[in-house]
Structures are given as structure tokens and as C-alpha cells.
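Listed here are the chains, written in short residue letters.
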Amino acid sequence: MKTLVMKFGGTSTSNVEALNRAADIVVAQHGAWDRMVVVVSAMEGVTDMLIDCAEGSLSKDKARYQVIIDQLRDNLNAVVWAIFAGDHFYEKLNALIDTRLQELTNICQRIQLQGKSSPRDMDEIAAMGERINVHVFSALLGKRRVRSQAIEATNLIVTDDCYQAASPIQTATDARVDAVLSPLFADAIIPVVTGFIGATPNGTTTTLGRGGSDYTAAILGVSLKADQVWIWTDVDGIMTVDPNLSSRARLIPEISYNEVYQLAYSGARVLHPKTILLAREGDIPLWVKNTFNSECNGTRISHCSLSDRSTISAVTGFFDINLITFRTIPGGDVNKIKALLRAALKNRGTTTLAVFQAKHDRSVSFAFSANNSNHAIQIIREDGALRSHGWNFSQPQVIEKVALITLVGREIYLTPQALSLATSTLSKAGIDIKRIGNGTSPDSLVFAVANKDGEYAINKIHDEVILNDPLISTIPQPVLKHLSTI
Ligand code: ADP
Ligand code: ASP
Ligand code: MG
């Protein structure tokens, strides 16, 4: 049975034009597949407003959360009015918006009274945007006379109770997916499912982490053994660099799961990293496509790379990173220390963004986002295995605010030419390279530079290394279109 899961992000549902384009895409695919599921995020900016609202209920300004809720109501009502005024969906959607925003007000009032919020409250609040938008999207399909049903994934995706970053329990999810979606498929009804959210086995709402609607699409793709998962967004696909950073970004038509995982893990927010791991595990091809340029094929993500040879295919960056460095005492074994430090962090569920090892001063450095680094140091100080090893390394030294520039390509960490080309490009540009290392696979090469040099370093690597590669520079490019040109 040919099955497609499509996901529309916040950027694809941010306003009336975007919503109409997304609905037209669904209609165009309807009929080409035996089973089709649509996953929908909250409209762009709505989740941020909801989180502001939760934080506002703890602020001194007691009216703040109400101001945000009023703003949300105005924004949502304006979209619903523009699309549905005069037809029977209009009243229904307005009533639904009122109900959800009343629930939101109740939670905020409770938080204000208690003077504190829990991660569980935060998830309940953050989920509201998707819980409204699926109904809007389903009504849009109804307006086009396509049968669909809005589904809140609290009934579908069963997760653990790790609020704000929950993980799916796949077997329980598979059973629910079968029970809830099969009857709809049998009646040729398209399920329109909330991205980003799930619920614990006892029904408490959870979220899968920011940007988690992509992950929802992969979870459903695996459950349904889908032939393909398509992620619709506001750019033509996976590009050689974030097109918002460089107008010279080029579309990559084909890239491997491993390479794109390194990109996503290293700061390119185009896909939620866990989405890629799950699709790879389930052997499901993922496509990234542009809602605003739907004739363009986009990027196919599978086990295949762009090329058999090792090519630097993309660059991305993470800013405001702290580097924590340990030096072994003379005679100490730096590899052993590195392994112990890694194990200590892993045991406590903390992952590093990159690891750098320098032979000349027997040091090893770990990269963390600024708000994670104190926690990481505490974990290392408390670790029993490191203590019993005699703590034969220096006290941690922290370098604050660096940028991690990650170059991605098939096995580039193992390719000396890639390393020397990138190093000489940065050095010639006068950029001080603080560290060189790898990410979490041989498909990435990471440079730590000062925060202030980060954007310049990305552009230099992109324009002088990636674009100079004949393979990249000869890829045919689609005509670029943007929402602003509509
Ligand atoms: P959505 O709302 O559809 O989930 P996101 O904002 O989460 O969209 O992701 C799309 C954005 O990812 C693009 O607008 C782009 O700025 C950013 N991005 C970062 N790096 C890349 C890259 N290498 N290729 C494509 N997009 C990228
Ligand atoms: N709405 C959620 C967020 O803003 C999930 C998503 O967009 O994928 O993080
Ligand atoms: Mg996203």
C-alpha cells in the first residue's frame, strides 16, 4: 500500500497564503497514494508566544500573560476570518479557539497563584498551537471538498514522561496508530495530525522538543511503514548553507542520512535531528520540499550521498558555545581521560556538541551550549570513575562564547585534503582557529573560532571551498522563489 506522510511546518502555515498553498499541495497529492497522513505544526511564532505566556504568568506584571493571550486570539481570529468568513467552518473554529485559549488562561492563572510552573505545565501550554492549527488545516481541506479529520496526537503518539523532550514508545504508538488511523484510511479520510506533541501512557500531554513536528512525521512514517516522508518548509531543500545567511546557498538534490544528521545536530534547524535517525533506522526516504516552490523536487535524504567521492557539501554553525578544556598531567593518558569524560557525561544523559583533542598540550576539550556547561562540569566533578582514576588532569578551563563551524560531507574527517583546504581558507582570511576536531561521525569536521568570526568563517568556507568544488557548482539550480515574491 503506497503511503505518504507529509509535514507542514510553522513557516508553511504562518498566514493565509501559506495555509492555502499547503492545502493545495495536499489536494494535488490526494489520489496518488493509498494512504496519506498530514502532520501540521503551530503557525509560525505561536509556540514562542505560548512559552512567553507561561513565563509571563510568573512575572511581576500580572497582566502580561493576558496581553499575550489577547494577541494570540487576534492573530488566530484574523486568519480564520480571512479564510472562512461566511461559511460553516467559521463559527466552529472560533469556538474552538475560544475553548483552547480559555484552557490556556486557566493554566496560566494556576501558575500565577502557585508562583511556579512545572515542565508538565509548560508542555500543556506549548501544545496549544498545534491543537488549534490541525482544526484550521482540516477545515481548509473541507473547504476544498477533501475529507479529513483533525487528530490530536495525545491519542496517537505514546511517549515517556520526559517533559519538553519526550521520546516515543514505538510499540504502544504503533498499536494506537493502527487503531485510530486504519478506520480513517478505510473511509478515504486524510488524518491531519498535530506535530510536536504526544502523551504519556496515562494521557498527560508531552512535547517532543522544539522543532519536534518533523519528528512526529518520522514517528508516524515508521509506524505506517511509509514509502516516503515529505517535510514541507520555506526553502527549496537542504542547501549548502543556511539561505538566510548567504544568498549564494545552493540546493543539494541528494544527501545521506548521516550527513544531514551532522548538519541538523550542528545547528542547521531545517530538520529536527531525531527525525533523521528514525527515518534511517526505518529505511524511509525523507524529502525536504518548499511549500512556496512546489514544482522544485527538493532534497532526497537516504543512504546515498551526493557523490561517491568525499566532498564538503554543506556548512553550518552554532554560536555562543562554551569550550571546557582538561589537560592531563605529565605522563597521563589523554585518550583514557577523554573516554572517561565522555562516559561520565553519557551516563548522566548529557551530550557534547564536539570533542577536540590537542596532542601538543595533552588536552581534551568538550563543547557545550552556554546554559549546559556548568551542569557538565558538575557531572564531571561528581563522577566516581574519574575520581578513582586519580583525577590526573587539570581543573577545567572554560573558554566562553565560541562559534562551532561544522563542515559536512561523506567521510571528510578522514580526508586530509578537506582539512587542509578548510584550514588554509580560514587562516588566509585571518580567522584565528581555536580548535579543530570532529562532531559525532567521520562525516563532519568542526572548527572552533571566536563568536565574532563565526558568520564570516561560514561564508568563507561556503564561497571559497564548497562553491569552488566542480561537483557542487555544476548542480542545476531551481528558480528560487520566496514568500515575499508571491
Ligand atoms: P519549519 O517551520 O518549516 O519547521 P524551520 O524554520 O524549522 O521551518 O526550518 C527551515 C529553516 O531552516 C530555513 O528557513 C533556513 O533558514 C534554515 N536552515 C538552516 N540551515 C539550512 C540548510 N543548510 N538548508 C536549508 N535550510 C536551512
Ligand atoms: N511548534 C513547535 C515549535 O515551534 C514544533 C515545530 O514547529 O516543529 O517548536
Ligand atoms: Mg522546523
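Data block above holds the structure.
Since the structure is predicted, the reported quantities are computational estimates derived from the model, not experimental observations.

A. A look at the overall build of the chain. Check the secondary structure of the chain and you find 16 helices and 16 strands. Rg of the C-alpha trace for the chain: 24 Å, near the compact-globule value of 23 Å for 486 residues, within the 12% margin. Seen through its principal axes, the chain has C-alpha atoms that stretch 75 × 60 × 40 Å. Across the 486 residues of the chain, 56% fall into the buried class. Nonlocal contacts in the chain, meaning residues at least 24 apart in sequence, comprise 76% of its contacts between residues at least 6 apart. For the chain, the computed accessible surface area is about 20,800 Å², with 50% contributed by carbon and sulfur atoms. In the chain, which carries 47 positive and 49 negative side-chain charges, the distance between the mean positions of the two groups comes to 4 Å.

B. Structural view of the state of the cysteines. One pass over the structure, following the stated rule, counts zero disulfides. Looking at the unpaired Cys 53, the closest cysteine sulfur is the one in Cys 108, lying at 3.9 Å. Given the relative accessible area of 0%, Cys 108 is considered buried.

C. Focus on the environment of Ser 12. Residue placement: Ser 12 occurs in the loop between β1 (3-8) and α1 (16-29). Exposure remark for Ser 12: the relative accessible area of 0% places this residue in the buried category. Contacts of Ser 12, omitting those with residues within four sequence positions, involve Ala 18, Leu 19, Ala 22, Trp 232, Thr 233, Thr 291 and Phe 292.

D. Seen up close, the site of ligand 1. Neighbouring ligand 1 are 18 residues; Thr 11, Thr 233, Asp 234, Asp 242 and Asn 244 lie closest to it. If ligand 1 stood free it would expose 580 Å²; the protein chains cover 91% of that surface. Among the residues forming the shell around ligand 1, the class breakdown is eight nonpolar, six polar and four charged.

Analysis parameters
Residues numbered from 1 in each chain as written. Chains lettered and ligands numbered in written order. Predicted model: local features only at pLDDT ≥ 70, side-chain atom pairs only at ≥ 80, totals over all residues. Heavy atoms only, no water. Helix = DSSP H or I, 4+ residues; strand = E, 2+ residues; numbered from the N terminus. Rg over C-alpha atoms; globule rule 2.2 N^0.38 Å. Buried < 20%, exposed > 50% of the residue type's maximum accessible area, 1.4 Å probe, protein only. Contact = heavy atoms within 4.5 Å. Areas by Shrake-Rupley, 256 points an atom, 1.4 Å probe, with all protein chains shown as cover. Lys, Arg positive; Asp, Glu negative; His and termini not counted. Charge placed at Lys NZ, Arg CZ, Asp CG, Glu CD. Disulfide = S-S within 2.5 Å. Near = heavy atom within 4 Å. Nonpolar A, V, L, I, M, F, W, Y, C, P; charged D, E, K, R; others polar.

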